[in-house]
Amino acid sequence: MITEFVVTAGEARKRLDQFLVNRERDISRSRLQRLIELGRIRVNARMVKPSHTIQPGDHITMDVPQPGPLLVDGKAMPLEILHEDEVLLVLNKPAGVVVHPASGNWEGTVLNALLAHIPNHADAEMSNGKTALPGLVHRLDKDTSGVMVVAKTDHAHRTLAAQFETHSIDRIYEALVWGTPRDEQGVIELPIGRDRGEPKKVSSNTAQPQRAVTEYRIVTKFGDLVSRVVLSPRTGRTHQLRVHLASLGCPILGDETYGGQNVCRVTEIDIPRVMLHARTLGFQHPVSGILQEYSVDLPLDMQGICQSLLCR
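Everything quoted here is computed from the prediction, not taken from an experiment. (Residues numbered from 1 in each chain as written. Predicted model: local features only at pLDDT ≥ 70, side-chain atom pairs only at ≥ 80, totals over all residues. Heavy atoms only, no water.)

Time to look at the pairing of strand β12 (residues 170-178). Note that β12 and strand β20 (residues 276-284) share six bridges and pair antiparallel. Bridge pairing links Tyr 173 to Ala 278 in β20. With six bridges connecting them, β12 and strand β17 (residues 226-233) associate as antiparallel partners. Along β17, the bridge assignment pairs Ala 175 with Val 229. (Pairing = 2+ DSSP bridges. Helix = DSSP H or I, 4+ residues; strand = E, 2+ residues; numbered from the N terminus.)

This is the structure in structure tokens:
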């Protein structure tokens, strides 16, 4: 796919790879650098290095090859299925499990398990005993536990994806956060996007801010140390809840990326992961149109931390 554009007059001088990583959010910096070195990304029709400094008025051409279908082996592993019918499946994802295979996590993912559970997936492309990506409508971070819905047909995938796109899905999360928000409840409206200086992070310091809104309510205060909060995202940005809570000065426990090492230990309690849980998911069934809602309690590790804090 060939894309052409001209660097705007107001754009500051910077490295080509740094400029592109803030513009092309779906392509990693390492891949952009490789494409530049291969000559698939050119400036004013010339091959340049990733460190080339772009200037206002430069004409950039990008010839980015489309990736082929991702083939993944199905591998049986335990799945806590909350509901399953002919067109969809709802499961409770445990913390520590990756949803989709990627570098460093090619096996033991939710997708591997789903392909073993549904070997004749309606959306799968069969090839030598392997299948292409099935209907993952949304994802949860590796550390995040909780409710997920998976489409088993193309129609269900399109219908559910449209509900996520229009934010008509009901989603409720719970988190254990550092400290206590100033207000008992409120709405956080903070546009976010890929961070200018650290592209792997999300923040409000971004060249491409996207609207992001989160409702929150404090459920329990464990002194001044920790709070248990309920979260309702009105939008669905990457790392939205983590960034929004950090913006209140109350990062999620265990979230070293947005809260530093201090939030990975409370008094004498070690926090091994990001304490975020997708508690409730509600949506219209793609065939019947009936509203369905599924909820799961806090996982044992989060319950254990709450109990330890209550005993102090």
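From this point, the discussion proceeds with the structure in view.
This model, assessed by the stated rule, comprises 17 salt bridges. Two residues, Arg 242 and Asp 141, come together in a salt bridge whose shortest N-O distance is 3.3 Å. Of this pair, Arg 242 sits in helix α5 (residues 240-247) while Asp 141 sits in the loop between β10 (135-136) and β11 (145-151), and the two are 101 residues apart along the sequence. The class for Arg 242 is buried, based on a relative accessible area of 9%. Its salt-bridge partner being Lys 221, residue Glu 184 comes within 2.6 Å of it at the nearest N-O pair. With Glu 184 in the loop between β12 and β13 (185-189) and Lys 221 in strand β16 (residues 213-222), this residue pair connects regions lying 37 residues apart in the sequence. The exposure class assigned to Glu 184 is partly exposed, which follows from its relative accessible area of 44%. Judged by relative accessible area, which is 41%, Lys 221 ranks as partly exposed. Counted as one network, the salt bridges with shared partners bring together Arg 15, Asp 17 and Arg 29. (Salt bridge = Lys/Arg side-chain N within 4 Å of Asp/Glu carboxyl O. Buried < 20%, exposed > 50% of the residue type's maximum accessible area, 1.4 Å probe, protein only.)

This part takes up the packing of aromatic side chains. The geometry of an aromatic ring pair is captured by the separation of the ring centres together with the interplanar angle, meaning the angle of the planes. Evaluation of the coordinates by the stated rule reveals two aromatic pairs. Geometrically, the ring pair formed by Phe 5 and Phe 19 is tilted, given 6.1 Å between the ring centres and 40 degrees between the ring planes. Within this pair, whereas Phe 5 is found in strand β1 (residues 2-6), its partner Phe 19 is found in helix α1 (residues 16-23), the two being separated by 14 residues in sequence. If you follow Arg 23 out to its NZ or CZ, it ends over the ring of Phe 5, 3.6 Å from the centre. (Phe/Tyr/Trp six-rings, centres within 6.5 Å; stacked < 30°, edge-to-face > 60°. Lys NZ or Arg CZ within 6 Å of the ring centre and 35° of its normal.)

Turning our eyes to something else, we now look at α5. Among the eight residues in α5, six count as buried, and that is most of the element. One or two positions beyond α5, positive phi appears at Gly 249, with a value near 80 degrees.

Let us now look at the side chain of Asp 58. Mapped onto the elements, Asp 58 comes out in the loop between β4 (53-54) and β5 (59-63). It is Arg 46 that comes nearest to the buried, bridge-free Asp 58 among opposite-charge side chains, at 6.7 Å. Polar side-chain contacts of Asp 58 include one of 3.1 Å to the side chain of Asn 44. For Asp 58, the contacting residues outside a window of four places in its chain are Phe 5, Val 6, Val 7, Val 43, Asn 44, His 52 and Thr 53. (Lys, Arg positive; Asp, Glu negative; His and termini not counted. Polar contact = N/O pair within 3.5 Å; in protein donor to acceptor, adjacent residues only side chain to side chain. Contact = heavy atoms within 4.5 Å.)

Structurally, Ile 60 is set in strand β5. Residue class for Ile 60 comes out buried when judged on its relative accessible area of 0%. C-alpha separation for the pair Ile 60 and Glu 4, spaced 56 residues apart in sequence, amounts to 5.7 Å. If sequence neighbours within four positions are ignored, Ile 60 has contacts with Thr 3, Glu 4, Phe 5, Val 7, Leu 16, Phe 19, Ile 41, Arg 42, Val 43 and Ile 54.

Reading across the sheet, the three strands line up as β1-β5-β3 and stay open at both edges, with antiparallel pairing between neighbours. Unpaired on one side and paired on the other, β1 and β3 (41-43) mark the two borders of the sheet. Neighbour to neighbour, the strand axes of the sheet diverge by 15 degrees on average, direction disregarded. (Axes fitted to C-alpha atoms, helices over the stretch in contact; angles between N-to-C directions.)

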